[in-house]
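Listed here are the chains, written in short residue letters.
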Amino acid sequence: MITNFKGKTAVLTGAGSGFGLECARIGAARGMNLVLVDVQQEALDKAEAEMKAAGAKVLARRVDVSDAAQMEALAAEVKATFGAPHFVFNNAGVGAGGLVWENSVADWQWVLGVNLWGVIHGVRLFTPMMLEAAKADPSFEGHIVNTASMAGLLTPPNMGIYNVSKHAVVSLTETLYQDLALVSDQISASVLCPFFVATGISHSERNRPAHLAAQPLTASQKIGQAMTDKAVGSGKVTAPDVAQKVFDAIAANQFYIYSHPHALGSVQVRLEDVVQGRNPTDPFAHKPELGASLKASLRGAAAS
Ligand SMILES: NC(=O)c1ccc[n+]([C@@H]2O[C@H](COP(=O)([O-])OP(=O)(O)OC[C@H]3O[C@@H](n4cnc5c(N)ncnc54)[C@H](O)[C@@H]3O)[C@@H](O)[C@H]2O)c1
């Protein structure tokens, strides 16, 4: 929980776009020092200029969150510049789809590298720094927010690689919450689980590194991309709405942050499947046309 954000420091990964950028905007408006992290230099430069113009002290660094050494250098620089951060937003992430057996090793390494290892590095590097600051100062308040997804609580088909990365982030963050509660009352954690929101996420390939280059997309990957484009583009909740929920949750010490609480019905069905030992429920049971069309296109693609 953080009760007063003024003069506190936020580290935000994926700060060049989407939820990261919107949280930086709120942080600047609340008088926070901002550490902006992104792999896309141009977006980072724009965000840096905007936050400085809004009066924030800014450290902007082009860092690939999946890279241990780059994250370690970042953490050292944050400590030297601002001291321990109060709000860490491990948020950078990329989207990917396709039938689970069609993803290449490079696909797995890229998506797990950014979505999971990025969060792991943020947690392992900043938590000890925050705990040390909390020990030295009884008034220190800190909060870590990791971005997962509703895909971390559900298992929508044809996007297994993304589901795996986000389930891991939910598990990591629930454990982080419990572990922190064992050792400190001054630092806690939340997990952000958005449903579809219009951001740059459906153009994630723009930031894919050359050494993990994609093979030509498989048929199911193309179908997955088209479905995500459509779903993300039709979202009514905006990225600024989600960023506001993040700050509200930090102030209220609320663990689960949802953009679309109505989507929780599907989580309940999944958890009932688990508890009752039932086979996984058809995720398209309430939208059979969509399920039928996905089946037809995948089976058509397989036949062609
Ligand atoms: N938009 C949605 O519908 C949605 C839904 C659920 C979860 N999410 C999650 O929200 C988070 C933020 O995504 P967004 O929707 O704002 O998308 P976005 O593409 O607008 O922003 C993500 C940012 O992360 C940066 N990034 C990508 N790879 C990076 C790397 N290796 N190192 C550092 N930065 C990197 C990108 O350059 C980009 O600026 C992601 O973790 C995503 O999986 C998004």
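- Per an unreviewed UniProt entry, the protein carries the name SDR family oxidoreductase and comes from Comamonas terrae.
- The record held by UniProt for the protein lists under Sequence similarities (unreviewed entry) the comment "Belongs to the short-chain dehydrogenases/reductases (SDR) family."

1. Examining the sheet that holds strand 4 (residues 87-90)
- Taking strand neighbours across the sheet as the criterion, the 7 strands line up as 3-2-1-4-5-6-7 in an open arrangement whose pairing is parallel. The sheet terminates laterally at strand 3 (58-62) and strand 7 (256-258), the two strands that pair on one side only. Across the sheet, the mean angle from the axis of one strand to that of its neighbour is 15°, orientation sign disregarded.
- As judged from the 4 bridges shared by strand 4 and strand 5 (residues 142-147), these two strands associate in the parallel manner. Across the sheet, the residue bridging to F89 is V145, located in strand 5.

2. Things to note about helix 8 (residues 264-276)
- Taking 1.5 Å per residue as the helical rise, helix 8 with its 13 residues ought to reach 18 Å, and the 18 Å between its terminal C-alpha atoms agrees with that figure.
- Downstream of helix 8 by one or two residues, G277 has phi in the positive range, about 65°.

3. Thoughts on the environment of V119
- Position of V119 relative to the elements: it lies in helix 4 (residues 105-136).
- Sequence spacing of V119 and V246 is 127 residues, and the spatial spacing of their C-alpha atoms is 16 Å.
- Other than its neighbours up to four places away in sequence, V119 contacts N90, V114, N146, V169 and L172.

4. Concerning the environment of D241
- Within the secondary structure layout, D241 lies in helix 7 (residues 239-252).
- Placed 115 residues apart in sequence, D241 and F126 show a C-alpha to C-alpha distance of 26 Å.
- One polar contact links the side chain of D241 to the main-chain amide nitrogen of T238, over a distance of 2.9 Å.

Here is what the cut-offs are and how they apply
Residues numbered from 1 in each chain as written. Predicted model: local features only at pLDDT ≥ 70, side-chain atom pairs only at ≥ 80, totals over all residues. Heavy atoms only, no water. UniProt positions renumbered as here; feature names shortened; annotations may be inferred. Pairing = 2+ DSSP bridges. Helix = DSSP H or I, 4+ residues; strand = E, 2+ residues; numbered from the N terminus. Axes fitted to C-alpha atoms, helices over the stretch in contact; angles between N-to-C directions. Expected span 1.5 Å × (residues − 1). Contact = heavy atoms within 4.5 Å. Polar contact = N/O pair within 3.5 Å; in protein donor to acceptor, adjacent residues only side chain to side chain.

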